[in-house]
Amino acid sequence: MKLSSKDILITGFALLAMFFGAGNLIFPPMLGLQSGDQLSWALLGFIATGVGLPFLGVTAVAKAGGDLELLANRVHPAFSKMITTISVLCIGPLLAIPRTAATTYEVAIAPVTQSIHPQLALLLTSVVFFIIVLFFVLRPAKILDSVGKILTPFMLVFLTLIIYVGVTHPLGTMAQSSYTNPFSQGFLEGYNTMDAIASVIFGMIIVKGIKDKGVTDNNQIARITIIAGMIAAAGLGFIYIGLAYIGATTGTLFTGTNHGQMLIFVSESLLGVLGRTVIGVVMALACLTTAIGLVASCGEYFSRLTHNRVSYNTVAIITTLVSFILANMGLANILKISVPLLEFVYPIIIVLIMLALLHNFFKGKRAVYVWTTGIIVLFVILDTLCDLGASLGINLAFIRDGLNLLPFYHLGLGWLIPAVLTLVLSVVFTANKSVKA
């Protein structure tokens, strides 16, 4: 069976909606503001990790016929369980899902509930938010259609309106950039979207949704998934460029420091009270669609991990309850713990994606996976130890001094050259061996 163009488009919109959540809305405007007259370079870095990597992740998953667990299994089954579980928890109940609810409150609810105690308003918001999430998640066969047909079009219409007004009637002019290296800072800022991690997890939902529509041929499933990834990437790129440009052209008008405040300022300045209402609706829709995809992915993964001893519905309910509790910490506290977690996971995910795409080039040899991934794991462990040591008052300067010798380390990309060199050397040394992953 072949899917119609309409069904493929709906699948692409569903994937876009799953990707597009809190971080995708709140980070681009601030990126634009801080990059100022260096917007092009910062945006190039941001799109590399915020658009390019998610598309490559979806492509890698489609070609491999699996998800992150399958990709990591090429290194070692135990490593696969560990990195997949960490990644699912990061984009699930420990970070991303609570952030969607907390951001919905900060941007959509807080501006209109100033007479209510903030903690109470956050509590009530998160209750309603997660009830809606569970309504969609507990009907998994309908997730793609529900998200693609109902929620995504509303979100895109609202965002397009804001971007159109912001581009045709800019608020001001671009100020001088506050970034010392716009490209690398934009590159690292793209980590905050968490979409590269999500891309190798969402494969579970997209592939299942395609199979539920009657498609059984693996090549056809891969082709549809890649096309859906292209649709999602195009949508993300359009939104990021538009929001970042609007942020850059606010110049010196915005004096706050909070990402949510920045988004509210831009929308209200462009469209008045209507703009604030529009961005509130957009934020709620974006966060809801992302939370639906993430909770569903957690349900699929942990149910499979336990060999269905714990059902999909049970995992989904537990994930929702944990996310509800953590969401009530508030957005600021959630964002504080995001940076170290993402700096640990992201380099490993990027390397696994690249190895999957180059799988045929080095004939799928396990040694290439093991050595290249092992070096990256060693790097992120040492880097994390240095950060932990500094926070605990333990002197680990000798490790930091060694890491500082790596090219691009000061830009947050110290893992890049070791990864490339290890990949090349492992390919050369295993040229005559035939053991595959």
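Residues numbered from 1 in each chain as written. Predicted model: local features only at pLDDT ≥ 70, side-chain atom pairs only at ≥ 80, totals over all residues. Heavy atoms only, no water.

(A) Representation of the packing of aromatic side chains in the model. One pass over the structure, following the stated rule, counts eleven aromatic pairs. Relative to Tyr-240, the ring of Phe-46 has its centre 5.0 Å away and its plane inclined at 80°; by these criteria the two rings are edge-to-face. Placement of the pair is Phe-46 in helix H3 (residues 39-64) and Tyr-240 in helix H11 (residues 218-248), with a sequence separation of 194 residues. Three or more aromatic residues joined by ring pairs form one cluster here, namely Phe-183, Phe-187, Tyr-191 and Tyr-346. (Phe/Tyr/Trp six-rings, centres within 6.5 Å; stacked < 30°, edge-to-face > 60°. Helix = DSSP H or I, 4+ residues; strand = E, 2+ residues; numbered from the N terminus.)

(B) Just the packing of helix H1 (residues 5-19) against helix H12 (residues 259-305), in detail. Following both chains from N to C, one finds H1 and H12 inclined at 100°, their axes separated by 6 Å at the closest point. With respect to H12, the element H1 is oriented roughly perpendicular. Across the interface between the two elements, Ala-17, Met-18 and Phe-19 of H1 pack against Ala-286, Thr-289, Thr-290 and Gly-293 of H12. Across the contact of H1 with H12, the residue classes break down as four nonpolar, three polar and no charged. (Axes fitted to C-alpha atoms, helices over the stretch in contact; angles between N-to-C directions. Parallel < 35°, antiparallel > 145°, perpendicular 65-115°, else oblique. Contact = heavy atoms within 4.5 Å. Nonpolar A, V, L, I, M, F, W, Y, C, P; charged D, E, K, R; others polar.)

(C) Up close: the environment of Tyr-409. Here Tyr-409 is to be found in the loop between helix H16 (397-403) and helix H17 (416-429). Accessibility expressed as a relative area gives 11% for Tyr-409, which makes it buried. Taking the C-alpha atoms as reference points, Tyr-409 and Phe-265, separated by 144 residues in sequence, lie 35 Å from one another. (Buried < 20%, exposed > 50% of the residue type's maximum accessible area, 1.4 Å probe, protein only.)

(D) Fine view of the side chain of Ser-35. Among the structural elements, Ser-35 can be located in helix H2 (residues 22-35). Judged by its relative accessible area of 0%, Ser-35 falls in the buried class.

(E) Fine view of a nonpolar patch on the surface. On the surface, a nonpolar cluster with roughly 630 Å² of combined accessible area is contributed by Ile-116, Leu-120, Leu-123, Leu-124, Val-127, Val-128, Ile-131 and Ile-132. On the accessibility criterion, Ile-116 (33% relative accessible area) is partly exposed. (Patch = residues over 30% accessible without salt bridge, like charges linked within 9 Å, V, L, I, M, F, W, Y side chains within 5 Å. Areas by Shrake-Rupley, 256 points an atom, 1.4 Å probe, with all protein chains shown as cover. Salt bridge = Lys/Arg side-chain N within 4 Å of Asp/Glu carboxyl O.)

(F) Expanded view of helix H6 (residues 96-109). The first and last C-alpha atoms of H6 sit 19 Å apart over 14 residues, in line with the 20 Å expected at 1.5 Å per residue. Burial analysis of H6 places twelve of its 14 residues in the buried class, which makes it a mostly covered element. Where H6 is concerned, the buried positions are Ala-96, Ile-97, Pro-98, Arg-99, Thr-100, Ala-101, Ala-102, Thr-103, Thr-104, Tyr-105, Val-107 and Ala-108. (Expected span 1.5 Å × (residues − 1).)

(G) Just the state of the cysteines, in detail. For the structure shown, the criterion picks out zero disulfides. Distance from the sulfur of Cys-298, which forms no disulfide, to the nearest cysteine sulfur (Cys-90) is 11 Å. Here Cys-298 falls in the buried class, since its relative accessible area comes to 2%. A disulfide-free cysteine, Cys-386 has its sulfur positioned 20 Å from the sulfur of Cys-90, the nearest such atom. Taking the relative accessible area as the measure of exposure, Cys-386 reaches 5% and is therefore buried. (Disulfide = S-S within 2.5 Å.)

(H) Region of the structure containing the nonpolar core. With 131 residues, the main nonpolar core has Phe-20, Leu-25, Val-133 and Trp-415 as its most contacted residues. When residues of this core are assigned to their parent elements, the largest contribution, 22 residues, is made by H12. Residues contacting Phe-20, with those up to four places away along its chain left out, are Leu-25, Met-155, Leu-159, Leu-236, Ile-239, Tyr-240, Ala-286, Thr-289 and Thr-290. (Core = buried A, V, L, I, M, F, W, Y, C linked by side-chain atoms within 4.5 Å.)

(I) Representation of the confidence of the model for the protein. The share of residues in the protein with pLDDT of 70 or more is 95%, and the mean pLDDT across the chain is 85. Within the protein, the lowest mean pLDDT, 74, falls on helix H8 (residues 143-168), and the highest, 93, falls on helix H13 (residues 312-327). (pLDDT = per-residue confidence, 0-100.)

(J) Geometry of unusual backbone geometry. Residues other than glycine seldom take positive phi values, yet His-307 does so here, at roughly 55°. With respect to the helices, strands and loops of the structure, His-307 is situated in the loop between H12 and H13. Judged by its relative accessible area of 59%, His-307 falls in the exposed class.

(K) Summary view of the packing of helix H15 (residues 366-392) against H17. Their axes nearest at 9 Å, the elements H15 and H17 cross at an angle of 160°. Accordingly, the angle class assigned to the pair H15 and H17 is roughly antiparallel. The handedness of the crossing between H15 and H17 is right-handed. Judged by residue contacts, Val-368, Trp-371, Thr-372, Ile-375 and Ile-376 of H15 engage Pro-418, Ala-419, Thr-422, Leu-423, Ser-426 and Val-427 from H17. A breakdown of the residues in the contact of H15 with H17 according to their chemical character gives eight nonpolar, three polar and no charged. (Left-handed = near helix turned anticlockwise from the far one by under 90°.)

(L) A look at the pattern of salt bridges. Tallying each qualifying case throughout the model produces four salt bridges. For Glu-268, the salt bridge goes to Arg-276, with nearest N and O atoms at 3.7 Å. Residue classification places Glu-268 among the partly exposed positions, given a relative accessible area of 30%. For Arg-276, a relative accessible area of 22% gives the class partly exposed. Arg-400 is the partner of Asp-383 in a salt bridge, and the nearest nitrogen-oxygen pair spans 3.1 Å. Residue Asp-383 is found in helix H15, and its partner Arg-400 is found in helix H16; the two are separated by 17 residues along the sequence. Here the salt bridges share partners, and the residues they tie into one network are Glu-69, Lys-81 and Arg-304.

(M) Region of the structure containing H13. The terminal C-alpha atoms of H13 lie 22 Å apart, and with 16 residues this matches the ideal 22 Å at 1.5 Å per residue to within 8%. Every buried residue belonging to H13 is among Tyr-312, Val-315, Ala-316, Thr-319, Thr-320, Ser-323 and Ala-327, and all of these are buried. In an axial view of H13, the angular spread of the buried residues amounts to 135°, which keeps them on one side of the axis. H13 presents Leu-321 and Ile-325 as exposed residues on the side facing more than 90 degrees away from its buried surface. (Arc of directions from axis to C-beta.)

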